[in-house]
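Below, each chain spelled out in residue letters.
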Amino acid sequence: MDEIDVPESHPRYESLLTRHRIEEGVDLGITSRQGLIAQGRGEAYDYLLGERTLESADSAERAAAAHLLLADHPVLSVNGNAAALVPGELVDLAEATGADLEVNLFNRTEERMERIADHLREHGAEAVKGLDADGRIPGLDHERAKVDADGIGDADVVLVPLEDGDRAEALAEMGKTELVIDLNPLSRSAQTATVPIVDNIIRAVPGITAHARDLADASRAELEGVVEKFDREAALRAAEDAIRSGEL
Ligand code: PTJ
């Protein structure tokens, strides 16, 4: 990665690269200004977690990969922060798992929807859903509820990175298996997820892809074994313990 003028050996390289991508996302009209605040909150948790993927998060990433491979219709939901931080990595994950990519925004504007879809296509996405908006998530106000009927509306497994708690809960209530990436283990999104992945999206998405490639030839029984072995309560507890007792 040669996007910033800082050597990869710099101790804060990843954090500086992340900030650069989010700033650029705002400049490109992809990320909302609220996305900058959300990133700041995420960074604080990442700092407390030691800016690393915990063993429990790695297990969650493997379970997420197994869920995506077992799904009839997996969808990766993409918001303005995810699109700025990991566009190519999301395309790779979609390819590795056969998932659809769908733009789904908290602060929805048609302009930002189009820009994010274009940005994903520039990073190799062939089809991007979300623009039809002919489906609704029950129990949410109008703009936030819009989804594609043949995308998230029809999905059995949805990956929702950096999601707002209300919508995460509403999706879970629709009976969908929800895989959440969120650095805050206490957030409602992480608390309601089938698989809470408490890790930076920058590390989590490539982590899930690596597990999906590793599991590509696994049988259904093996994949179901990975899903069953994952303990969401233990993963949430491990992340909270790491934050509370971390050595900085
Ligand atoms: O693009 P939009 O309109 O869909 O808006 C996206 C944001 C993120 C602004 C919107 O969904 C929002 O306001 O989210 P919240 O309620 O601030 O929640 C975001 C969660 O993601 C928080 O719990 C953060 O700790 C977490 N987070 C932020 N950055 C990262 C992160 N988790 C993982 N990796 C990150 N880089």
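The structure this text deals with has already been given above.
Residues numbered from 1 in each chain as written. Predicted model: local features only at pLDDT ≥ 70, side-chain atom pairs only at ≥ 80, totals over all residues. Heavy atoms only, no water.

Let us look at the site of the ligand. Inspection of the region around the ligand gives 23 residues, with Gly 80, Phe 106, Asn 107, Arg 112 and Asp 182 positioned closest. Arg 41 is positioned with one of its side-chain polar atoms (N or O) 3.3 Å from an oxygen atom of the ligand. For the ligand, a nitrogen atom lies 3.2 Å from a polar atom in the backbone of Leu 183. In isolation the ligand exposes 740 Å². Once the protein is present, 94% of that is buried. Elements that contribute at least two residues to the shell around the ligand include exactly helix 2 (33-48) and helix 4 (80-85). With 6 residues, the top contributor of residues to the shell around the ligand is helix 2. Of the residues in the shell around the ligand, the class split is 7 nonpolar, 10 polar and 6 charged. (Near = heavy atom within 4 Å. Polar contact = N/O pair within 3.5 Å; in protein donor to acceptor, adjacent residues only side chain to side chain. Areas by Shrake-Rupley, 256 points an atom, 1.4 Å probe, with all protein chains shown as cover. Helix = DSSP H or I, 4+ residues; strand = E, 2+ residues; numbered from the N terminus. Nonpolar A, V, L, I, M, F, W, Y, C, P; charged D, E, K, R; others polar.)

Now for unusual backbone geometry. Despite not being glycine, Glu 51 has its phi angle at roughly 45 degrees, a positive value. With respect to the element layout, Glu 51 can be found in the loop between helix 2 and helix 3 (55-70). The class for Glu 51 is partly exposed, based on a relative accessible area of 35%. Phi at Leu 162 is positive, roughly 50 degrees, even though this residue is not glycine. Positionally, Leu 162 belongs in the loop between strand 5 (157-161) and helix 8 (165-173). (Buried < 20%, exposed > 50% of the residue type's maximum accessible area, 1.4 Å probe, protein only.)

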